[in-house]
Amino acid sequence: MPITKGAGVVDINKRRIINGVDADVIQLYPMRHTFAWDAYMAGNANHWLPTEISMQRDIEQWRSSSALTSDERKAFETVLGFFTTADSIAANNVVLALYKHVTSPECRMYLLRQGYEEAVHTHAYQYIVESLGMDESKIFNMYREVKAIYDKDNMVLALNEGIFAPAFKTGTFENDQKFLENLCVFSLIMEGIFFYSSFAVMFGFQRQNKLTGSAEQIQYIMRDESQHLNFGINMINAIKEEQPELWTKEFQQRIIDLVKRAVVLEYTFATEVFPRGIFGMNAAGFKQYIEHIADRRLERVGLASQYNVTNPFTWMSEAVDLNKEKNFFETRVTEYKTGGQLSW
Ligand code: FE
């Protein structure tokens, strides 16, 4: 869009997540969606890189013939098989599907940060696979070979295909609903459900004092991901306020049905990871855990909970809860903040 010379100060009330009238996507101020700026600042304060985490103990345990059972090895490999491509799917969705349609410059600021964080996460999985001397082509190709991973990825990719189309534009009722559906599928399902069995598996290892370097990587990733999820939910709720006509009863039911479909796929994936159950975690526990978090996602966008079950993995909320982070997170944050003040 060409710049209108002397057009006066931007009217903040015209700023919208999508379909901003005369949207000026270059001017950050005046800011309307301040949640995006808060997320951007939190992301910067939490900056980290995979290479900062020692993988030495993991390497020793992975090479040892007695430190891990064959079930544990299979679980770890399958989880990595999901992770290695999942964040590339997320990055593409942020950069190629969401970014160009978002007309709020402050939301674009955070999407840029989020896209970078997805790249750091893919780097972390690559770093784990390389450190342990695993077969890269096997692990990175698992999304095509393991049906339970394929089905999850395929659900997200198939539903989101429409808004990747070069001709896709927001501005009609149908397309705006399609955009909102993408956001729900991507945030609530991909980032809000499909990562969580895998997170639980990694923290299961950590609780057994196994593969703790990998688990630490995942803990950083999960901290970023909970911010991505919050931001996605904030965007969904802001669009609901700005364009309430999109949030029809029929649309709400569609989102609930998609979440329920995702819960089944995630549960199926968990049974693939843990055919016999390890660390006191079994398929029944996973089913209940996934149902529990699915209800939390639905509630955050004002939809009715569907399962009403308690959290069987209460220890997960400690791993997730950002207020109860271990000291190394605090240290890391301080180090980066100091780093920014160094003079060269
Ligand atoms: Fe993410």
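Above this note sits the structure.
Below you will find a few notes about this structure. (Residues numbered from 1 in each chain as written. Predicted model: local features only at pLDDT ≥ 70, side-chain atom pairs only at ≥ 80, totals over all residues. Heavy atoms only, no water.)

1. What about the overall build of the protein?
No. 1: Check the secondary structure of the protein and you find 14 helices and zero strands.
No. 2: Going from the N terminus to the C terminus, the protein shows its helices and strands as α-α-α-α-α-α-α-α-α-α-α-α-α-α.
No. 3: The globule rule puts the C-alpha radius of gyration for 344 residues at 20 Å, and the 21 Å found for the protein is close to it.
No. 4: With respect to the principal axes defined by its C-alpha atoms, the protein has extents near 70 × 55 × 35 Å. (Helix = DSSP H or I, 4+ residues; strand = E, 2+ residues; numbered from the N terminus. Rg over C-alpha atoms; globule rule 2.2 N^0.38 Å.)

2. As for helix α8 (residues 173–191)
No. 1: In a regular helix each residue adds 1.5 Å, so 19 residues correspond to 27 Å; α8 covers 26 Å between its end C-alpha atoms and thus fits that length.
No. 2: Among the 19 residues in α8, 16 count as buried, and that is most of the element. (Expected span 1.5 Å × (residues − 1). Buried < 20%, exposed > 50% of the residue type's maximum accessible area, 1.4 Å probe, protein only.)

3. Some words on the packing of aromatic side chains
No. 1: By the definition in use, this model includes 20 aromatic pairs.
No. 2: An angle of 85 degrees between the planes, with centres 5.7 Å apart, marks the rings of Phe 76 and Phe 205 as edge-to-face. Of this pair, Phe 76 sits in helix α3 (residues 70–98) while Phe 205 sits in helix α9 (residues 196–207), and the two are 129 residues apart along the sequence. Each member of the pair, Phe 76 as well as Phe 205, carries the same accessibility label: buried.
No. 3: Aromatic ring contacts, followed pair by pair, group Phe 82, Phe 83, Tyr 125, Phe 195, Tyr 196, Phe 199 and Phe 269 into a single cluster.
No. 4: Over the face of the ring belonging to Trp 62 we find Arg 73, whose NZ or CZ atom lies 4.7 Å from the ring centre. (Phe/Tyr/Trp six-rings, centres within 6.5 Å; stacked < 30°, edge-to-face > 60°. Lys NZ or Arg CZ within 6 Å of the ring centre and 35° of its normal.)

4. Let's talk about the pattern of salt bridges
Two side chains that carry opposite charge are able to pair once their charged atoms sit near each other.
No. 1: Inspection of every chain in the model, using the stated rule, returns 13 salt bridges.
No. 2: Two residues, Glu 106 and Arg 15, come together in a salt bridge whose shortest N-O distance is 2.9 Å. Taken as a pair, Glu 106 in helix α4 (residues 105–131) and Arg 15 in the segment before α1 (34–45) lie far apart in primary sequence, 91 residues in all.
No. 3: Across the pair Glu 266 and Lys 152 runs a salt bridge, and its minimum N-O distance is 2.6 Å. (Salt bridge = Lys/Arg side-chain N within 4 Å of Asp/Glu carboxyl O.)

5. Topic: the packing of α3 against α8
No. 1: Contact pair α3 / α8: the axes reach a minimum separation of 12 Å and the direction vectors enclose 155 degrees. What the angle tells us is that α3 and α8 run roughly antiparallel. You can see that α3 and α8 cross each other, and the crossing is left-handed. Residue-level contacts link Phe 82, Ala 86, Ile 89, Ala 90, Asn 93, Val 94, Ala 97 and Leu 98 of α3 to Phe 179, Asn 182, Leu 183, Phe 186, Met 190 and Glu 191 of α8.
No. 2: Across the contact of α3 with α8, the residue classes tally to 11 nonpolar, two polar and one charged. (Axes fitted to C-alpha atoms, helices over the stretch in contact; angles between N-to-C directions. Parallel < 35°, antiparallel > 145°, perpendicular 65-115°, else oblique. Left-handed = near helix turned anticlockwise from the far one by under 90°. Contact = heavy atoms within 4.5 Å. Nonpolar A, V, L, I, M, F, W, Y, C, P; charged D, E, K, R; others polar.)

6. Regarding unusual backbone geometry
No. 1: In this chain, Tyr 29 is followed by Pro 30 through a cis amide linkage whose omega measures 0 degrees.
No. 2: For Pro 30, the location among the structural elements is in the segment before α1.
No. 3: Positive phi, normally seen in glycine, also occurs at Asn 19, with a value near 65 degrees.
No. 4: Residue placement: Asn 19 occurs in the segment before α1.
No. 5: Residue Asn 19 is classed as partly exposed on the basis of its relative accessible area, which comes to 25%.

7. Describing the environment of Glu 225
No. 1: Tracing the sequence through the fold places Glu 225 in helix α10 (residues 212–242).
No. 2: A relative accessible area of 0% means that Glu 225 is categorised as buried.
No. 3: Setting aside chain neighbours within four positions, we find Glu 225 in contact with Asp 87, Glu 118, His 121, Glu 191 and Phe 199.

8. Thoughts on the coordination of the iron ion
No. 1: Taken together, Glu 118 (OE), Glu 191 (OE), Glu 225 (OE), Glu 225 (OE) and His 228 (ND1) make up the full set of protein donors to the iron ion, lying 1.7 to 2.5 Å away.
No. 2: Between the donor residues of the iron ion, the gaps in sequence give the motif E-x72-E-x33-E-x2-H. Here the residue Glu 118 occupies a position in helix α4, and His 228 occupies one in helix α10, the gap between them amounting to 110 residues. (Donors = N, O, S within 2.8 Å, 3.2 Å for Na, K, Ca; no water.)

9. Overview of the side chain of Asp 176
No. 1: When you line up the elements, Asp 176 lands in helix α8.
No. 2: Excluding residues that lie within four positions of it along the chain, Asp 176 makes contacts with Ile 18, Asn 19, Thr 170, Gly 171, Gln 243 and Leu 246.

10. Some details on the side chain of Gln 219
No. 1: With respect to the helices and strands, the residue Gln 219 is situated in helix α10.
No. 2: Within the local environment of Gln 219, its side chain forms a polar contact with the side chain of Gln 206, the two groups lying 3.2 Å apart. (Polar contact = N/O pair within 3.5 Å; in protein donor to acceptor, adjacent residues only side chain to side chain.)

11. Some remarks on a nonpolar patch on the surface
No. 1: Taken together, the side chains of Val 95, Leu 96 and Phe 164 make up a nonpolar region of the molecular surface, amounting to roughly 260 Å² of accessible area.
No. 2: On the secondary structure map, Val 95 appears in helix α3. (Patch = residues over 30% accessible without salt bridge, like charges linked within 9 Å, V, L, I, M, F, W, Y side chains within 5 Å. Areas by Shrake-Rupley, 256 points an atom, 1.4 Å probe, with all protein chains shown as cover.)

12. Remarks on α3
No. 1: Here α3 spans 41 Å end to end across 29 residues, near enough to the 42 Å set by a 1.5 Å rise per residue.
No. 2: For α3, the tally of buried residues reaches 22 of 29 residues, placing the bulk of the element in the interior.

13. Considering the environment of Asn 160
No. 1: Along the chain, the position of Asn 160 falls in helix α7 (residues 147–164).
No. 2: Taking C-alpha positions, Asn 160 is 8.2 Å from Glu 181, a pair spaced 21 residues apart along the chain.
No. 3: Excluding its chain neighbours within four sequence positions, the residues that come into contact with Asn 160 are Asn 93, Asn 182, Val 185 and Phe 186.
No. 4: Side chain to side chain, Asn 160 and Asn 182 meet in a polar contact 3.2 Å long.

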